[in-house]
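# Fold and geometry: a report
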Amino acid sequence: DLRMMQEVVLGIGGCRLVEMLDLDVDVFHLNEGHAAFAVLERTRQFMRRTGLDFRAALAAVRAGNVFTTHTPVAAGFDAFGPDLIRKYFRWIEDFVRDVGISMKELLALGRRDAEDMSEPFNMAWLAMRGSLAANGVSRLHGAVSRRLFAGLFPRWPESEVPVGHVTNGVHVPFWDSPWADRIWTETCGKRRWRGEIGALEPAMACVPDEAIWSFKSLERRDLVEHARRRLACDLSERGAPPEAVARAAEVLDPDRLTLGFARRFTAYKRPGLLLRDPDRLLRILTDPQRPVQIIVAGKAHPDDAAGKRLIEAWVAFALRKELRGHVVFLEDYDIELAQQLVQGVDLWINTPERPWEASGTSGMKVLVNGGLNLSTLDGWWAEAYAPEVGWAIGGGRGGPEADARDAGELYALLEKGIVPGFYDRDASGVPRAWIARVRASMARLAPAFSSNRMLRDYVERAYLPAAEAFARRAGQGGAEARALEEWSRRLTQHWPHVRFDGTEVRREGEEWLFTAPVRLGGLAPDEVEVELYAAPAAPTEAAPVRIPMACVRLLAGEAYLFRAAAPASRPAEHYTPRILPRRDGLRLPAELPLILWQR
Ligand SMILES: *Cc1c(COP(=O)(O)O)cnc(C)c1O
């Protein structure tokens, strides 16, 4: 009930607020399904303004809604029992009667199967049905989301499920240190994060090693001071003896390789992975020639017993005598602490279990500050990683052995590559190869994973197309939306009568010639798209092959002959003729998930 009320306030209340403020908004961006009731309220407002019926009004406002999904697990979507929806949608001024649809129709918007009366009402399904553009928050999460939403588009190939991606980014000026700000300003100017960011990469690629090394050392010094002060505070709040509080001033060392590991302590983040072999970690940290230190911060949900145990394990590890101030655990991980950490660390470690990290953003925050990343190939790191900019574990695989394998790779990378690399100095004391990575990471990744790039993607790929589509649909009292809705209804009625009447294939030179007689059951040949479909030839190719079949003549009894040629470089069995609805401006399969396969 509480969640339901929150989402009513957010979606319906939010949409009414926008109306009462007289903001003439073309595009609503639904971030996560929580706000999806806005689809219903926006439709109702549009009905009132135009006199359209519910389905036609929905066809109009849908064009102006953008949906971003943020979770890689179906359990992350809110779903309400049908009774809760009934209760609240009567209560909200009898919403259902007001818009003139049945409760069953309303519930169908949040169900995979409209006829299944026990199916809960899923907010993500409503958001998907109420938007023309949908995206995940990283490339990998886009692919994972296509699988999660595939059930709404029966018989459509997963690659065509209409979910793209816009990878997250961070607001760089909020996360950079004063020292980083200075070097970026000298190199790229004060207005670097306004407008075009394409020139930043080549400019940063020219910064001298010495300049990078010295600003990074200043950042590390600041972090060590912050951490000592914060640790002293934590200790005295916990009632530790004055000697222990005083000793906090001696932990850490501003010249040591400094690792950062901070997150919510939830299972998929695997906050225990680094601690899997505590003695091996201890040896890495306390090597007298090449000492390493780690600052750990975290919070667990009050009800998460496993998360709390992992925090205790880190606190206990930090107290081991042999470590002598090489490990600090800081409580109450919040934005301020995050700022200090991401500004000062040399290496940010992230160990999510693939593919449960939709994007992840904490690792992006170190980029501008010259910190490097070591992470699982999940979320944003799956598309950002290259050997020149950081390190990866897990090789893009998950599975039951993932923990042991990933921990082994993590230790080995630290022992063989990362720690020796940081301490490999030239005559002037500068770690040249390390700095080369830092420079590449700053130049290439900081702009690419900034909110500037993200916002530009949203504007170009989602907001502007949505504003245009909405204007076309909603103009003239929604005439186009009404025509589209009437057409969709007619097409859906005729669809069961559409069928293939056998297909012939013969070889002509280097091509297969396909001919297919098709019965259209009352539809005109230009109302459908008949095409040859072949799955991508290699897993590395994203797009399937689609070759339109042309209508060449009318056969007897509402049947038409369609024809197309396909390259004979692939066997004829790879191609399957299929039929889809076709209409200008219609977005498939988002709006009308009809499809007919010849086999
Ligand atoms: C950035 C940030 C997060 C999110 O980090 P992820 O890597 O996306 O999980 C969580 N908490 C705080 C305080 C942060 O600053």
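Presented here is an overview of the structure given in this document.

Here is what the cut-offs are and how they apply
- Residues numbered from 1 in each chain as written.
- Predicted model: local features only at pLDDT ≥ 70, side-chain atom pairs only at ≥ 80, totals over all residues.
- Heavy atoms only, no water.
- Near = heavy atom within 4 Å.
- Polar contact = N/O pair within 3.5 Å; in protein donor to acceptor, adjacent residues only side chain to side chain.
- Areas by Shrake-Rupley, 256 points an atom, 1.4 Å probe, with all protein chains shown as cover.
- Helix = DSSP H or I, 4+ residues; strand = E, 2+ residues; numbered from the N terminus.
- Nonpolar A, V, L, I, M, F, W, Y, C, P; charged D, E, K, R; others polar.
- Phe/Tyr/Trp six-rings, centres within 6.5 Å; stacked < 30°, edge-to-face > 60°.
- Buried < 20%, exposed > 50% of the residue type's maximum accessible area, 1.4 Å probe, protein only.
- Salt bridge = Lys/Arg side-chain N within 4 Å of Asp/Glu carboxyl O.
- Core = buried A, V, L, I, M, F, W, Y, C linked by side-chain atoms within 4.5 Å.
- Contact = heavy atoms within 4.5 Å.

### Some thoughts on the site of the ligand
By nearness alone, every residue bordering the ligand is listed as Trp-175, Lys-269, Tyr-333, Asp-334, Ile-335, Ala-338, Gly-360, Thr-361, Ser-362 and Lys-365. With respect to the ligand, the side chain of Ser-362 contributes an N or O atom lying 2.6 Å from an oxygen atom. A distance of 2.6 Å is found between an oxygen atom of the ligand and a side-chain nitrogen or oxygen belonging to Lys-365. A total of 390 Å² of accessible area belongs to the ligand in isolation, and the protein chains cover 78% of it. Of all the secondary-structure elements, those providing two or more residues to the shell around the ligand are helix H16 (335-344) and helix H17 (362-365). Here the residues of the shell around the ligand are counted per class, giving four nonpolar, three polar and three charged.

### Focus: the packing of aromatic side chains
Applying the stated criterion across every chain, the model contains 23 aromatic pairs. Each ring, one from Phe-77 and one from Phe-149, has its centre 5.3 Å from the other, and the planes form 50°; the classification is tilted. Taken together, the residues Phe-77 in the loop between strand E2 (65-68) and strand E3 (79-80) and Phe-149 in helix H8 (residues 139-149) connect sequence positions 72 residues apart. Like Phe-77, the residue Phe-149 is buried in the burial classification. Considering the side-chain rings of Trp-314 and Phe-317, the 5.9 Å spacing of their centres and the 85° angle between planes classify their relative orientation as edge-to-face. With Trp-314 and Phe-317 both in helix H15 (residues 305-318) and three residues apart, this pair spans about one turn of that helix. Judged by its relative accessible area of 0%, Trp-314 is buried. Members of the aromatic cluster, joined through ring pairs, are Trp-213, Trp-391, Phe-422, Tyr-423 and Trp-434.

### Considering the pattern of salt bridges
Applying the stated criterion to the full structure yields 50 salt bridges. Arg-230 serves as the salt-bridge partner of Asp-334, at 3.9 Å between the closest nitrogen and oxygen. In this pair, Asp-334 is assigned in the loop between strand E9 (327-330) and H16 and Arg-230 in helix H12 (residues 209-237), connecting sequence segments 104 residues apart. On the basis of relative accessibility, which here comes to 17%, the residue Arg-230 falls in the buried class. Arg-280 serves as the salt-bridge partner of Glu-415, at 2.8 Å between the closest nitrogen and oxygen. With a gap of 135 residues between them, Glu-415 in helix H19 (residues 402-423) and Arg-280 in helix H14 (residues 278-286) connect regions that are remote in the sequence. Salt bridges linked by common partners bring Asp-209, Glu-210, Asp-426, Arg-432 and Arg-439 together as one network.

### Looking at the nonpolar core
In a soluble, globular protein the nonpolar side chains are often hidden away together inside. Counting 92 residues, the largest nonpolar core has Trp-184, Leu-257, Leu-274, Ile-294, Trp-314, Phe-317 and Leu-347 as the members making the most contacts within it. The biggest single contributor to this core is H12, with nine residues. Here Leu-274 is in contact with Phe-261, Leu-281, Ile-294, Trp-314, Ile-349, Leu-410, Tyr-411 and Leu-414, once residues within four sequence places are set aside. Counting residues in each nonpolar core, the second largest holds 86 residues, with Leu-109, Val-528, Val-530 and Leu-580 among its members.

Keep in mind these numbers describe shape, not what the thing actually does.
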